[in-house]
Amino acid sequence: TSNVGGISEVVEDDYNGILFDVNNQRDIIHKVNLLIENVTIRTDFGKRIQEKVIKGFSLESMVEGTEEIY
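To keep things clear, this report deals only with the structure shown in the data block. (Residues numbered from 1 in each chain as written. Predicted model: local features only at pLDDT ≥ 70, side-chain atom pairs only at ≥ 80, totals over all residues. Heavy atoms only, no water.)

**Describing the overall build of the protein chain**
Alright, step 1. From N to C terminus, the protein chain includes three helices and zero strands.
Alright, step 2. The linear arrangement of helices and strands in the protein chain, starting from the amino end, is α-α-α.
Alright, step 3. Against the 2.2 N^0.38 benchmark of 11 Å for 70 residues, the protein chain shows a C-alpha radius of gyration of 15 Å, more extended than a compact globule.
Alright, step 4. Expressed along its principal axes, the backbone C-alpha trace of the protein chain runs to roughly 45 × 25 × 15 Å.
Alright, step 5. Relative to its 70 residues, the protein chain shows a buried fraction of 17%.
Alright, step 6. A separation threshold of at least 6 residues defines the contact pool for the protein chain, and within that pool the share at least 24 residues apart is 29%. (Helix = DSSP H or I, 4+ residues; strand = E, 2+ residues; numbered from the N terminus. Rg over C-alpha atoms; globule rule 2.2 N^0.38 Å. Buried < 20%, exposed > 50% of the residue type's maximum accessible area, 1.4 Å probe, protein only. Contact = heavy atoms within 4.5 Å.)

So this is what it looks like as structure tokens:
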């Protein structure tokens with residue numbers, strides 16, 4: 001995904017996804033090709049991002065976070 005906005009709160013570059021510079025066409029091409037060519041990286045990133053989303057953005061965790069604020 002591109003490295004703009006709040007996406008970096010979810011995607012950690014080279015851990016659970018790949019961030020690219022939206023204005024750098026070569027960077028985008030290189031990173032897309034890396035994903036196309038490497039099943040292991042895609043699988044690992046998929047598992048890691050799913051864990052992060054479930055842990056940090058599930059209904060339960062969002063309710064818990066809201067309760068802590070109040």
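So, next bit.
**A word on the pattern of salt bridges**
Alright, step 1. What the rule picks out here adds up to two salt bridges.
Alright, step 2. The closest approach of N and O atoms between Lys52 and Glu12, which form a salt bridge, is 2.9 Å. Here Lys52 is found in helix H2 (residues 39–57), whereas its partner Glu12 is found in the segment before helix H1 (25–37), with 40 residues between them in sequence.
Alright, step 3. Residue Glu12 is classed as partly exposed on the basis of its relative accessible area of 33%.
Alright, step 4. One salt bridge in this structure joins Lys31 and Asp27, with 3.3 Å as the shortest N-O distance. Highlighted residues: Lys31 and Asp27, both in helix H1, separated by four residues, approximately one helical turn.
Alright, step 5. When its relative accessible area of 18% is taken as the criterion, Asp27 is described as buried. (Salt bridge = Lys/Arg side-chain N within 4 Å of Asp/Glu carboxyl O.)

Read these as layout, nothing more, since geometry by itself doesn't imply function.
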